[in-house]
Amino acid sequence: AQSVTQLDSQVPVFEEAPVELRCNYSSSVSVYLFWYVQYPNQGLQLLLKYLSGSTLVKGINGFEAEFNKSQTSFHLRKPSVHISDTAEYFCAVSRNTGNQFYFGTGTSLTVIP
Amino acid sequence: GAGVSQSPSNKVTEKGKDVELRCDPISGHTALYWYRQSLGQGLEFLIYFQGNSAPDKSGLPSDRFSAERTGGSVSTLTIQRTQQEDSAVYLCASSSTGHGSYEQYFGPGTRLTVT
């Protein structure tokens, strides 16, 4: 079975500072990895995904994530955050058959002016 | 194009009543998922439909919960004899499992409050 751990439930960061949101997963099979973002009072939307190929993936709004198979991690990073990045971020994993998804408990990112 | 839609957006019900939540997935998406999002709990998987295959019901928390997907499109999640702990946002998502895809597209959710 797969599981996803988001190590930080809340991350406050000052505007224009860099940020890293951590995600670790456990799986005995090959997986696909995703980050979703949920802005206040909105639905979840895809930020970026890793299916195969380059381990560094770029998403929307300047975010990127790196797949590290040996460390079973998929940390999300942004070099300079904006106020508008304040949101809940969810890491998710699925088997590469593309069926059931497993989500982490989320990280609340708060950007401080 | 149209995204995933859910209705109602909000539902307040009395303890012990039954409720039905509806999800209209993106046209052509073969996979449909239901999740429950409680405050501070993340997303809890409930049930997964894929085409004409038998659904994966492994996430349903009790036999009060059931779901159907008619004609491979619209899905209804039914909660019988609702309890206060059922209060949460219920999210539906759909996906196309064609090569290079797999990401889920989420609906806006139904906020259920059991009083």
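What you are looking at is a predicted structure, and each value in this text was computed from that prediction instead of being measured. (Residues numbered from 1 in each chain as written. Chains lettered and ligands numbered in written order. Predicted model: local features only at pLDDT ≥ 70, side-chain atom pairs only at ≥ 80, totals over all residues. Heavy atoms only, no water.)

*Asks:* Please explain the confidence of the model for chain A as it appears in this structure.
*Replies:* Detailed reading of the predicted model is not advised wherever pLDDT is low. In this model, chain A carries an average pLDDT of 91, and 95% of its residues clear a pLDDT of 70 or more. Per-element averaging of pLDDT across chain A places strand E11 (residues 101-103) of chain A at the bottom with 86 and strand E3 (residues 19-21) of chain A at the top with 98. (pLDDT = per-residue confidence, 0-100. Helix = DSSP H or I, 4+ residues; strand = E, 2+ residues; numbered from the N terminus.)

*Asks:* Would you mind going over the sheet that holds strand E1 (residues 5-7) of chain B with me for this structure?
*Replies:* Residues and elements named next belong to chain B. Taken in spatial order, the four strands of this open sheet run E1-E3-E7-E6, and their pairing is antiparallel. Only two strands of the sheet have a single neighbouring strand rather than two, namely E1 and strand E6 (65-69). Across the sheet, the axes of successive neighbouring strands diverge by a mean angle of 15°, strand direction being ignored. Bridge count for strand E3 (residues 19-24) against strand E7 (residues 75-79) is five bridges, and the pairing is antiparallel. Bridge pairing in E7 links Glu20 to Thr78. (Pairing = 2+ DSSP bridges. Axes fitted to C-alpha atoms, helices over the stretch in contact; angles between N-to-C directions.)

*Asks:* What is the right way to read the pairing of strand E9 (residues 73-78) of chain A from this model?
*Replies:* Taken residue by residue, a regular strand's side chains alternate between the two faces of the sheet. All names here are of chain A. In terms of burial, E9 is largely enclosed, as five of its six residues are buried. Where strand E8 (residues 64-68) and E9 come together, five bridges link them in antiparallel fashion. Pairing of Asn68 across the sheet is with Ser73, part of E9. Counted between consecutive antiparallel strands, the loop separating E8 from E9 contains four residues, among which Thr72 sits at a positive phi close to 45°. (Buried < 20%, exposed > 50% of the residue type's maximum accessible area, 1.4 Å probe, protein only.)

*Asks:* Looking at this structure, how should I read the interface of chain A and chain B?
*Replies:* Interface size, as often reported, equals the accessible area lost upon joining of the parts. Every contact between the two is made by 19 residues of chain A and, on the other side, 19 residues of chain B. A combined buried area of about 1500 Å² lies between chain A and chain B, and 59% of that area is made up of carbon and sulfur atoms. Taken as a group, A:Leu44, A:Gln100 and A:Phe101 account for 32% of the area that chain A buries against chain B, more than any other trio of residues on that side. At the junction of chain A and chain B, the tally comes to one salt bridge. For the pair chain A and chain B, the number of links is three residue pairs in polar contact (both at pLDDT 80 or more). Considering every element that reaches the side of chain A that touches chain B, the biggest residue donor is strand E5 (residues 31-38) of chain A, with four residues. Residue composition of the side of chain A that touches chain B, grouped by class: nine nonpolar, nine polar and one charged. (Contact = heavy atoms within 4.5 Å. Buried area = accessible area lost by both parts, 1.4 Å probe. Salt bridge = Lys/Arg side-chain N within 4 Å of Asp/Glu carboxyl O. Polar contact = N/O pair within 3.5 Å; in protein donor to acceptor, adjacent residues only side chain to side chain. Nonpolar A, V, L, I, M, F, W, Y, C, P; charged D, E, K, R; others polar.)

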